[in-house]
Amino acid sequence: MRSCPLCPVLSVAALVAVPVVLLVAAAPVQDAKSTDKKEWAVHDPARPQPPMVATPASKAPSDAIVLFDGTSLDKWTGNGGTADWFVKDGYFEVKPGSGNIRTKDGFGSCQFHIEWMIPAERECKGQQGCNSGLFFMDRYELQILGSNPNQTYVDGMAGSMYGQHPPLVNACRPNGEWNTYDVIFHAPVFKADGSLEKAGSMTVFFNGVLVQDNSAILGATAHMAKARYSAHEPALPIGLQDHGDPIRFRNVWVRPLK
Ligand code: MG
């Protein structure tokens, strides 16, 4: 028999390694995203398929709630009941002085899509001339502002969570061009006594570019004041701000998240 100095070592290593490999291969993996919390094996063929969603180009996904289809503000209310902002040519426009509008339905955590444009002829000076805002739960503002070119305080420019977080970059298009916001909004959670259990957050893609990366919401949006939370319902309307400027919007849809 030939001498094999490493054989005893290799044999022991194999004895240890084989069961470890088997254990790893057989271990079920906990998937935090599985809705039924069942533990699935890796590549388990019995794991249910996700629902099919049709994604036609430049239109809402098939499972989204369309909040503006180009023709009507039926899904919105305004001061006095109806949302009487202008609707024309597939978009709607702030009617200055008429007040904010908000969705008839309430929403909590959601994926939200909206396109907005500052008319080409508008002059933007800081917060004046080109201002609106997107309010989740009627109180947490993602700023809408002409910001190309237009300098203002950075926690009040386009893509900012107003008074809280500047955008990571300025991805704003010039006036006269459509901008897109795609937002993952997570609603805050409150305890039974009204205190905050978990802060809300926003992740925002601005014209496809990440500008808010899971940014924590500090409280209800406030002007020149520190934001504070106060407990509220788990689903509330989404609002759009009349800041006195004729900002345009189109292709608005929402997908509630569980
Ligand atoms: Mg605003």
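Residues numbered from 1 in each chain as written. Predicted model: local features only at pLDDT ≥ 70, side-chain atom pairs only at ≥ 80, totals over all residues.

## Quick word on the overall build of the protein
Reasoning step 1: A count of helical and extended segments in the protein gives 1 helix and 16 strands.
Reasoning step 2: Within the protein, buried positions represent 29% of all 258 residues. (Helix = DSSP H or I, 4+ residues; strand = E, 2+ residues; numbered from the N terminus. Buried ≥ 20, exposed ≤ 12 C-beta atoms within 10 Å, placed from the backbone.)

## Digging into the pairing of strand E13 (residues 201–206)
Reasoning step 1: Burial along E13 is one-sided: the residues Met202, Val204 and Phe206 are buried and none of Ser201, Thr203 and Phe205 is.
Reasoning step 2: Bridge analysis of strand E10 (residues 179–186) against E13 gives 6 bridges, and the strand direction is antiparallel. By the bridge assignment, Tyr181 is partnered in E13 with Phe206.
Reasoning step 3: Across 5 bridges, E13 lies against strand E14 (residues 209–216) in antiparallel orientation. When the bridges of E14 are listed, Val204 appears paired with Gln212.
Reasoning step 4: Counting the residues between successive antiparallel strands, the hairpin from E13 to E14 contains 2 residues, one of them, Asn207, with a positive phi of roughly 55 degrees. (Pairing = 2+ DSSP bridges.)

## Digging into the sheet that holds strand E2 (residues 76–78)
Reasoning step 1: Judged by pairing direction, the sheet is antiparallel, and its 6 strands sit side by side in the order E3-E2-E6-E15-E8-E9 without closing on themselves. Among the strands making up the open sheet, the edge pair consists of strand E3 (81–82) and strand E9 (140–145).
Reasoning step 2: Two strands pair when backbone bridges link them, and strand E8 (residues 131–136) and E9 are joined in this way by 6 bridges, in the antiparallel orientation. Opposite Asn131, over in E9, you have Leu145 as the bridge partner.

## What about the nonpolar core?
Reasoning step 1: Ranked by size, the top nonpolar core spans 45 residues in total, and within it Ile114, Leu134 and Phe249 carry the most contacts.
Reasoning step 2: For this core, the elements supplying multiple residues, two or more each, are strand E1 (65–68), strand E7 (110–117), E8, E9, E10, E13 and strand E16 (248–256). (Core = buried A, V, L, I, M, F, W, Y, C linked by C-beta atoms within 7 Å.)

## Let's talk about the pairing of E16
Reasoning step 1: Of the strand pairs in this sheet, E1 and E16 are connected by 3 bridges, and their pairing is antiparallel. Paired with Phe68 across the two strands is Val252, which belongs to E16.
Reasoning step 2: Examined bridge by bridge, E7 and E16 share 7 bridges and lie antiparallel to one another. Each residue of the ladder has a partner; that of Met117, found in E16, is Arg248.

## Quick notes on unusual backbone geometry
Glycine aside, the phi torsion of most residues is negative, and most peptide linkages are trans.
Reasoning step 1: Cis geometry marks the peptide bond from Asn148 to Pro149; its omega dihedral reads -10 degrees.
Reasoning step 2: One non-glycine residue with positive phi stands out, namely Met224, at about 55 degrees.
Reasoning step 3: Inspection of the secondary structure puts Met224 in the loop between E14 and strand E15 (239–240).

## Describing the confidence of the model for the protein
Reasoning step 1: Averaged over every residue, the pLDDT of the protein is 90; the share at 70 or more is 86%.
Reasoning step 2: By mean pLDDT, the top-scoring element of the protein is E13 (99), and the lowest-scoring one is helix H1 (residues 7–26) (42).
Reasoning step 3: This stretch, residues 1–32, has a pLDDT under 50; its non-local contacts, to residues over four places away or in other chains, come to 7 contacts. (pLDDT = per-residue confidence, 0-100. Contact = placed C-beta atoms within 7 Å.)

## Some details on the environment of Pro188
Reasoning step 1: The topology assignment puts Pro188 in the loop between E10 and strand E11 (189–190).
Reasoning step 2: Not counting residues within four places of it along the chain, the set of residues in contact with Pro188 comprises Leu196, Lys198, Ala199, Gly200, Ile217 and Tyr229.

## Description of the environment of Leu73
Reasoning step 1: Looking at the secondary structure, you find Leu73 in the loop between E1 and E2.
Reasoning step 2: Taking the C-alpha atoms as reference, Leu73 lies 10.0 Å from Arg102; in sequence the two are 29 residues apart.

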